[in-house]
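# Architecture at a glance
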Amino acid sequence: MQSYMTDTDRKTKIDAVLLKLPGVVGKKLNKLDAYFVSDRMFACISGDGIGIRLPAATVTDLQFSRGDVAQFQPGGLSAGATREWIQINRADAADYEKDLELFRASLEFVSGGRTR
């Protein structure tokens, strides 16, 4: 995280990206700032990044194709417990605007386009 950016500044910038998506609401969940659509969490702020839920195959592809993507393991959860989650780390929270396509895919996945 860039030293000039406080946690409040970071959250404000992330809110500006995520809360403009249709149907998205922000809530606190176990001390995490989380984002929901149809009462289902699709994203949350964790550490220096945002965790988002996507199909497991997409998660695997992104972990190998992008340098700013890591396993999402909030609170020390095992990677197996979060196989449908990744964390995107960006130094400047305003840069999450570049990930809108992934956020939209997460919304669709969580709100009903989900297959097992």
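Here is a short report on the structure shown in this document. (Residues numbered from 1 in each chain as written. Predicted model: local features only at pLDDT ≥ 70, side-chain atom pairs only at ≥ 80, totals over all residues. Heavy atoms only, no water.)

## Here we look at unusual backbone geometry
The phi angle at N30 is positive, at roughly 50 degrees, despite the residue not being glycine. Along the chain, the position of N30 falls in the loop between β1 (24-29) and β2 (32-37). Overall, the relative accessible area of 71% leaves N30 in the exposed class. (Helix = DSSP H or I, 4+ residues; strand = E, 2+ residues; numbered from the N terminus. Buried < 20%, exposed > 50% of the residue type's maximum accessible area, 1.4 Å probe, protein only.)

## Brief notes about the sheet that holds strand β4 (residues 49-53)
Read from one edge of the open sheet, six strands run β1-β2-β3-β4-β6-β5, paired in antiparallel fashion. Each edge of the open sheet carries a strand with a single partner, namely β1 and β5 (69-71). Sheet twist, expressed as the mean angle between neighbouring strand axes with direction ignored, is 30 degrees. In this sheet, strand β6 (residues 85-89) lies alongside β4 in antiparallel orientation, the contact comprising five bridges. Residue pairing for β6: R53 is matched across the bridge by W85. Relative to the sheet, helix α3 (residues 100-111) contacts β1, β2, β3 (40-46), β4 and β6, its axis offset from that of β4 by approximately 40 degrees. (Pairing = 2+ DSSP bridges. Axes fitted to C-alpha atoms, helices over the stretch in contact; angles between N-to-C directions. Contact = heavy atoms within 4.5 Å.)

## With respect to the pairing of β1
Both β1 and β2 contribute to a ladder of six bridges, which runs antiparallel. Looking at β2, one finds that V24 is bridged to V37. The hairpin turn running from β1 into β2, its antiparallel successor, is two residues long, and N30 in that turn takes a positive phi close to 50 degrees.

## Let's talk about the side chain of S106
Mapping S106 onto the fold places it in helix α3. Contacts of S106, omitting those with residues within four sequence positions, involve F42, I52, R53 and L54.

## Quick notes on the nonpolar core
Formed by 26 residues in total, the largest nonpolar core has its most connected members in L18, F42, I52 and F103. No other element matches the six residues that α3 contributes to this core. Once you skip the residues sitting within four places of it in the chain, I52 turns out to touch F42, A43, E84, W85, I86, I88, L102, F103 and S106. Residues A34, C44, F72 and W85 belong to the second largest nonpolar core, which totals five residues. (Core = buried A, V, L, I, M, F, W, Y, C linked by side-chain atoms within 4.5 Å.)

## Concerning the pattern of salt bridges
Summed over all chains, the structure comprises 11 salt bridges. With a shortest N-O distance of 3.4 Å, R90 and D68 are connected by a salt bridge. Taken together, the residues span a long stretch of sequence, with R90 in the loop between β6 and α3 and D68 in the loop between α2 (56-65) and β5 at a distance of 22 residues. The burial state of R90 is the same as that of D68; both residues are buried. Across the salt bridge formed by D99 and R90, the nearest N and O atoms sit 2.8 Å from each other. With respect to class, D99 is no different from R90; both count as buried. (Salt bridge = Lys/Arg side-chain N within 4 Å of Asp/Glu carboxyl O.)

## Focus on the packing of aromatic side chains
Counted according to the given criterion, the structure contains two aromatic pairs. With a centroid separation of 6.4 Å and an interplanar angle of 55 degrees, the aromatic rings of Y96 and F103 are classed as tilted. Y96 sits in the buried class, given a relative accessible area of 1%. For F103, a relative accessible area of 0% gives the class buried. The residue whose ring lies beneath K27 is F36, and the NZ or CZ to ring-centre distance is 4.8 Å. (Phe/Tyr/Trp six-rings, centres within 6.5 Å; stacked < 30°, edge-to-face > 60°. Lys NZ or Arg CZ within 6 Å of the ring centre and 35° of its normal.)

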